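# Understanding the architecture of this molecule
Single-letter residue listing:
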Amino acid sequence: MKPLVLASTSPFRRDLLTRLRLPFTTAAPEVDESRRPGESAQDLVLRLAEAKARAIAPTHPQALIIGSDQVACLDTRILGKPGDRANAIAQLEETSGRTVTFLTGLCLLEGVGGPCRVLCEPFRVHFRSLSRAQIEAYVDLEEPFNSAGSIRSEGLGIALFERLEGDDPAALIGLPLIQLTRLLGEAGVDVLAAR
């Protein structure tokens, strides 16, 4: 099997990829994640997932490289990472009782010059109606300052939700494993047989 490299320093993506029980390494891609004028949320995550994979390809020319990026959207507006407590509380007050769509871009690049497979996996989160006290308690306990939409569904964030809607629950955390397994299969890696 070709070496597998995750183009990410996210501990959440690393933990998700570990579930597939394949040996892999991680590398930090240097990519400008700014949104381009007029760029849709879907186009943004597709572009960034591929850009992250391509950014590390020169140093891993024979590897299968996984790139991923995620945004949270309320209606047509992208909710960024809050950065601090006040912004996290404001985001969660705005999403309380509403539906947020998480779009996760996924790229599997076969080294330098090899095939590149890119897709976007949507996942919808229906938030409970939350009080200010509930939101503040969650933010103080979870500190989701570097998480899209101020949620960490792998932790206490699950208590914010009324229901979840999507094909791949891992997509909500940032790496759609069902789709990744399919893309790896297309690249000749059977996750259930490869070791």
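This one's a predicted model, so the numbers in the text were calculated from it and none came from an experiment.

## Focus: the overall build of the protein chain
Regarding its fold elements, the protein chain presents six helices and seven strands. The linear arrangement of helices and strands in the protein chain, starting from the amino end, is β-α-β-α-β-β-α-β-β-α-β-α-α. Computed over the C-alpha atoms, the radius of gyration of the protein chain is 17 Å, within 12% of the 16 Å expected from 2.2 N^0.38 for a compact globule of 195 residues. In terms of its C-alpha atoms, the protein chain occupies a principal-axis envelope of roughly 50 × 40 × 25 Å. Residue pairs at least 24 apart in sequence account for 66% of intrachain contacts in the protein chain once pairs closer than 6 positions are excluded.

## Notes on the UniProt feature "site: Important for substrate specificity" (unreviewed entry) in the protein chain
As annotated in UniProt, the feature "site: Important for substrate specificity" (unreviewed entry) corresponds to Phe12, Gln70 and Glu154 in the numbering used here. By the secondary structure assignment, Gln70 is in strand β3 (residues 64-74). Taking the relative accessible area as the measure of exposure, Gln70 reaches 16% and is therefore buried. Contacts of Gln70, omitting those with residues within four sequence positions, involve Arg13, Val45, Phe102, Leu103, Thr104, Ala148, Ala171, Leu172, Ile173 and Gly174. Side chain to side chain, Gln70 and Thr104 meet in a polar contact 3.0 Å long.

## Details of unusual backbone geometry
A negative phi angle is the norm for most residues apart from glycine, just as the trans form is the norm for most peptide bonds. Phi at Asp75 is positive, roughly 60 degrees, even though this residue is not glycine. Looking at the secondary structure, you find Asp75 in the loop between β3 and β4 (77-79). Classification of Asp75 as exposed rests on a relative accessible area of 59%. Phi at Glu143 takes a positive value of approximately 45 degrees, unusual for a residue other than glycine. Judged by relative accessible area, which is 47%, Glu143 ranks as partly exposed.

## What to know about the environment of Val118
On the secondary structure map, Val118 appears in strand β6 (residues 116-127). Excluding its chain neighbours within four sequence positions, the residues that come into contact with Val118 are Leu46, Glu50, Leu106 and Cys107.

## With respect to the pairing of β6
Pairing of strand β5 (residues 99-110) with β6, which is carried by eleven bridges, proceeds in the antiparallel orientation. Bridge pairing links Cys107 to Val118 in β6. Counting the residues in the hairpin turn of β5 and β6 gives five residues, including Gly111, whose phi is positive at 60 degrees. The sheet contact formed by β6 and strand β7 (residues 161-166) spans five bridges and is antiparallel. Bridging from a neighbouring strand, His126 pairs with Arg163 of β7.

## So, the UniProt feature "active site" (unreviewed entry) in the protein chain
The positions UniProt marks with the feature "active site" (unreviewed entry) are Asp69. Mapped onto the elements of the fold, Asp69 is located in strand β3. Overall, Asp69 belongs to the buried group, its relative accessible area being 5%. Here Asp69 is in contact with Arg13, Glu33, Val45, Leu48, Ala49, Lys52, Leu103, Thr104 and Gly105, once residues within four sequence places are set aside. A polar contact of 2.8 Å, which involves the side chain of Asp69, links it to the side chain of Lys52.

## A short note on the nonpolar core
Membership of the largest hydrophobic core comes to 21 residues, with the highest contact counts inside it found for Leu20, Ile66, Leu175, Leu180 and Leu184. Counting residues per element, the ones that place at least two in this core are β1 (4-6), α1 (11-18), β3, β5, α5 (169-173) and α6 (177-186). The element contributing the most residues to this core is α6, with four residues. With sequence-adjacent residues up to four places away left out, Leu180 is seen in contact with Leu17, Leu20, Ile66, Leu106 and Leu175.

The rules behind these values
- Residues numbered from 1 in each chain as written.
- Predicted model: local features only at pLDDT ≥ 70, side-chain atom pairs only at ≥ 80, totals over all residues.
- Heavy atoms only, no water.
- Helix = DSSP H or I, 4+ residues; strand = E, 2+ residues; numbered from the N terminus.
- Rg over C-alpha atoms; globule rule 2.2 N^0.38 Å.
- Contact = heavy atoms within 4.5 Å.
- UniProt positions renumbered as here; feature names shortened; annotations may be inferred.
- Buried < 20%, exposed > 50% of the residue type's maximum accessible area, 1.4 Å probe, protein only.
- Polar contact = N/O pair within 3.5 Å; in protein donor to acceptor, adjacent residues only side chain to side chain.
- Pairing = 2+ DSSP bridges.
- Core = buried A, V, L, I, M, F, W, Y, C linked by side-chain atoms within 4.5 Å.

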